[in-house]
Amino acid sequence: MEILTRAQAHRDGTSDAQLQRAVRRGELHRISAGIYMHADHFRELDAGARHRCAVLAAAETCGPGAIVSHASAAIMHGLDCGGLRLDTVHLTRSRCSGGRKSQTLHLHPAVVPPEEVALIDGVATTSLARTFVDLARTTPFETAVVIGDCALRRGMRRENVDASLDHARGRLGMSRARVAATFIEPGAESPGESISRVRMRDDGWPMPTLQHEIRHGGRFIGRVDFFWKEHGVVGEFDGMVKYRGDNPGRAVEREKLREDAIRDAGFEVFRWVWADLRDFERVRERFERTCLRGAAR
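Residues numbered from 1 in each chain as written. Predicted model: local features only at pLDDT ≥ 70, side-chain atom pairs only at ≥ 80, totals over all residues. Heavy atoms only, no water.

Draft legend 1. Seen up close, the overall build of the protein chain. Scanning the protein chain from N- to C-terminus turns up twelve helices and 13 strands. For the protein chain, the spread of C-alpha atoms along the principal axes amounts to about 75 × 50 × 35 Å. The buried share of the protein chain, reckoned over its 297 residues, is 48%. Taking contacts inside the protein chain between residues at least 6 apart in sequence as the whole, the part at least 24 apart equals 56%. For the protein chain, the accessible surface area stands at approximately 15,500 Å², while carbon and sulfur atoms represent 50% of it. Of the side-chain charges in the protein chain, 46 are positive and 41 negative, and the distance between the mean point of each set is 4 Å. (Helix = DSSP H or I, 4+ residues; strand = E, 2+ residues; numbered from the N terminus. Buried < 20%, exposed > 50% of the residue type's maximum accessible area, 1.4 Å probe, protein only. Contact = heavy atoms within 4.5 Å. Areas by Shrake-Rupley, 256 points an atom, 1.4 Å probe, with all protein chains shown as cover. Lys, Arg positive; Asp, Glu negative; His and termini not counted. Charge placed at Lys NZ, Arg CZ, Asp CG, Glu CD.)

Listed below in structure tokens is the structure:
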């Protein structure tokens, strides 16, 4: 993704008047003051990539000392960000005061130790652990868990989370952040699985084992999303990604054979999809019926 700055344009012999004409003609998209991108390229970007453009533009304009943070850091790290608002770029300056907020930029004042800074594409960004802690303090628990589960899958270490929690001691939202830090798991492999875990916790379910391997007769059957050994029950969240591709019919057939093999191994299986997360009571009813079938085996 190529950003064009006003200074670069001037070096190439393009004047301000020419830049403005290119914007009016729809050839360039103005990301922020003095920062542009070819309009055709910008139109092809999704919300996350567009926010990344805005982040790079803000980092360019704010200059040295500004560290990309919060939701903007999550985008830079490539984390699952579906629950985050991306209409504002978040930057942090490592100082105790002097923050400001506009419609498109939130500048946070907070000490950021060197070990909590990562360089991503040449841009200073809060580390995975610091990013998670900042978001766990300031976003709903469910969103924080989605971010934290993903960050663990991307290599975030729990000892770094503990260190970031310690550095942020006394800041608003720390009790919420600590609870989220104890709940996150790398075994939740998608936002839907993370959200399901939160709904199970809130609804008082027995907590499952994640990504459990099912074997039968010495043969590996598969790795399942959720497993309740005491009930003999397997739960699978269908994000539908597994059915995309050149031959979705064959993928459905493979999944049916896999489910039959899990049942042959002595376990009952129930499934749910994104739409079920809007009314999780239906998932609970499915779980309870499946537990009864498991008990009747």
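Anyway, onward from the coordinates.
Draft legend 2. Expanded view of the packing of aromatic side chains. Counted according to the given criterion, the structure contains 13 aromatic pairs. Measuring from ring centre to ring centre gives 5.7 Å for Phe 141 and Phe 183, while their planes differ by 50°; the resulting arrangement is tilted. With a gap of 42 residues between them, Phe 141 in helix α7 (residues 141–153) and Phe 183 in helix α9 (residues 174–183) connect regions that are remote in the sequence. With relative accessibility at 13%, the residue Phe 183 sits in the buried group. Aromatic ring contacts, followed pair by pair, group Trp 205, Phe 226, Trp 228, Phe 237, Phe 270, Trp 272, Trp 274, Phe 280 and Phe 287 into a single cluster. One residue, Arg 197, lies across the ring of Phe 183, its end atom 4.2 Å from the ring centre. Seen from the ring of Phe 183, Arg 201 lies directly overhead, with NZ or CZ sitting 5.8 Å from the centre. (Phe/Tyr/Trp six-rings, centres within 6.5 Å; stacked < 30°, edge-to-face > 60°. Lys NZ or Arg CZ within 6 Å of the ring centre and 35° of its normal.)

Draft legend 3. Layout of the packing of helix α5 (residues 70–77) against helix α6 (residues 128–138). Where α5 meets α6, the axes come as close as 9 Å, and the angle between the chain directions of the two elements is 140°. Classed by the angle they form, the pair α5 and α6 counts as oblique. The chirality of how α5 crosses α6 is left-handed. Along its contact with α5, which presents His 70, Ala 71, Ala 73, Ala 74 and His 77, the element α6 presents Leu 128, Thr 131, Asp 134, Leu 135, Arg 137 and Thr 138. Residue composition of the contact of α5 with α6, by class: five nonpolar, four polar and two charged. (Axes fitted to C-alpha atoms, helices over the stretch in contact; angles between N-to-C directions. Parallel < 35°, antiparallel > 145°, perpendicular 65-115°, else oblique. Left-handed = near helix turned anticlockwise from the far one by under 90°. Nonpolar A, V, L, I, M, F, W, Y, C, P; charged D, E, K, R; others polar.)

Draft legend 4. Spatial organisation of the sheet that holds strand β2 (residues 28–32). With antiparallel pairing, three strands are arranged side by side in an open sheet as β1-β3-β2. In this open sheet, the two strands that pair with only one neighbour each are β1 (4–5) and β2. Taken together, the four bridges between β2 and strand β3 (residues 35–38) define a ladder with antiparallel strand orientation. Bridge pairing in β3 places Arg 30 opposite Tyr 36. Here helix α4 (residues 47–62) sits on the sheet in contact with β1, β2 and β3, set at roughly 60° to β2. (Pairing = 2+ DSSP bridges.)

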